[in-house]
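Listed here are the chains, written in short residue letters.
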Amino acid sequence: MRRPRRPRALSPSAPRASVRWRGTHSIHSLRTQLTLANVALLAIGVITATAVSLVGTGHYLLGQIDAHLLRSRDSLDESHLTLHQLDNLGATAVVREGLLPQLGGSATPDDMFAVVDGHGTVLKVAELRPTRAQRALGAAVGDPTSFATAVEPQGLTVNGASYRATASRLDDGTYVLFASSTDALDNGIHKALKLDLTVGGLLLALLFCLTMVNVRRRMRPLEDMVETSSAIAEGDLTRRVPSRRKASLEVEQLRLALNSMLHQVESAYRTRERSAAQLRRFVADASHELRTPLSAIRGYLQLYDRGMLTDPDDRKRAWERMNGEVDRMGRLVDELLTLARLDQRPELRLRNVDVSRLVRDAAEDLRAQQPDRPVTVSASGALLVRADESGLRQVLGNLVANVRTHTPADVPVCLTARRSDGTVRLTVSDEGPGLPEEDAARMFDRFFRTGSTAGSGLGLAIVQGVVEAHHGDVTATTSPGDGLTVTVVLPAGVKGE
């Protein structure tokens, strides 16, 4: 008994995938690319949100400063004061009551004012000399007319600090300059930017770690597929991709499709191996069957060539033996051609055939060949089936020939034809010695023969091929001492002629 061989790799020349793929972190791996893509998208989102937030905040705070300057300018414009009026006590009272609170001694370092003439020269107010900051403001403004006519405050730099400034023209032609520092705004935005970048960087790092963990978990089914493919490439055709809990729908569909494909590949590989083994055995058996008659014919020819067949009776006997061996080879070749045609699935000449008539004809042939054998026929009436008549005659002929060859001439035989559940069942049973279980399992194999040397061992193989060509089924029931029963089941498809 031969040991089953381990399946070879489907493609030995193909490179084998490494099962160490699990856990790699190459920059070209799908895991790394997905992680980097997520981190890049979040980085873009953080940068965009930070930029929009800071620009919006800066614009809002700058608008507050400008609104403060414009309120001061509008208040002074509505008062219609002159520089002389600012110097007298009445103007001082107005200032104290809040008309120009930001212009007096209560001004903070972030807020400045200065009174200039039309040429930008800083003037005294209430006998107070201009401070260094006021002179710097006047020098930075230059021409106050443009500031007084501008709708919105304008930016300028005073002693290296950023300010927003505007101007109001008094009735005597002098100008009052208003300026507010934007350093606090710039410092606040700078701190907010640093905070946003710090928090965004921490979020990106956290996202990178979480994405790596999540992608690794999501990629495990794909890693299983790689390992399964590697195992199959190394010869283990029984491997399948295992299922995992909480797998995504697409991955689960891919796993099922891959397992189905692997099952088909394994089935095709097994079928190819089995077909190759059957072909080798078929060629060996056919060669053996043909070698025996050829050896006998060669032997008789050598005897004749050497002049050893001098007696006429010996020459006649040799001639008859050679003719017998030629007939045997002819029958064997015909049977091989029949099997070859069946393997090519030929187009059958289907028509309505009366199976009962074929069974009765086969019984009459058996009675003519063996008159002493009891033959019983159970096929009354017409049983029509859509089939090839010559093929069915060959099936019945081979079954009867099998009984005639392998059972004694006085063993009873029963041929039955009946309809059952939309099928037609043909049964040929005998009461002969039967077959053991291991022989019964191989009785439809080509060139299989029991202890008897009669026959070529192709008759039942042809029966099976013809029945399968009709989309039917053939089975055998036997045991030692209980005879043999062969049942052919054919679909009873009948068309009107």
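Our subject is the structure listed above.
Residues numbered from 1 in each chain as written. Predicted model: local features only at pLDDT ≥ 70, side-chain atom pairs only at ≥ 80, totals over all residues. Heavy atoms only, no water.

Caption draft 1: Spatial organisation of the packing of helix 9 (residues 355-369) against helix 10 (residues 389-406). Contact geometry for helix 9 and helix 10: axes closest at 10 Å, N-to-C directions at 35 degrees. Crossing geometry of helix 9 relative to helix 10 is assigned as right-handed. Each of Arg357, Leu358, Val359, Asp361, Ala362, Leu366 and Gln369 in helix 9 lies in contact with helix 10, whose residues at this interface are Glu389, Leu392, Arg393, Leu396, Val400 and Arg404. Split by residue class, the contact of helix 9 with helix 10 holds seven nonpolar, one polar and five charged. (Axes fitted to C-alpha atoms, helices over the stretch in contact; angles between N-to-C directions. Helix = DSSP H or I, 4+ residues; strand = E, 2+ residues; numbered from the N terminus. Left-handed = near helix turned anticlockwise from the far one by under 90°. Contact = heavy atoms within 4.5 Å. Nonpolar A, V, L, I, M, F, W, Y, C, P; charged D, E, K, R; others polar.)

Caption draft 2: Representation of the side chain of serine 180 within the structure. Turning to its location among the elements, serine 180 is positioned in strand 5 (residues 175-181). A polar contact is formed between the side chain of serine 180 and the side chain of aspartate 111, at a distance of 2.9 Å. Excluding anything up to four places from it in sequence, serine 180 contacts Ile65, His68, Leu69, Asp110, Asp111, Ser162, Tyr163 and Arg164. (Polar contact = N/O pair within 3.5 Å; in protein donor to acceptor, adjacent residues only side chain to side chain.)

Caption draft 3: Up close: the environment of valine 215. If you trace the backbone, valine 215 turns up in helix 6 (residues 183-233). Accessibility expressed as a relative area gives 8% for valine 215, which makes it buried. For the pair valine 215 and arginine 31, spaced 184 residues apart in sequence, the C-alpha to C-alpha distance is 6.1 Å. Valine 215 has contacts with Arg31, Leu34 and Thr35, leaving out every residue within four places of it along the chain. (Buried < 20%, exposed > 50% of the residue type's maximum accessible area, 1.4 Å probe, protein only.)

Caption draft 4: Region of interest: the side chain of threonine 478. Structurally, the position occupied by threonine 478 is in strand 11 (residues 473-478). What makes threonine 478 buried here is its relative accessible area of 19%. Side-chain polar atoms of threonine 478 contact the backbone nitrogen of leucine 435, separated by 2.9 Å. Among the polar contacts listed, one links the side chain of threonine 478 to the backbone oxygen of glycine 483, at a separation of 2.8 Å.

Interpretation in functional terms is not warranted from these geometric data alone.
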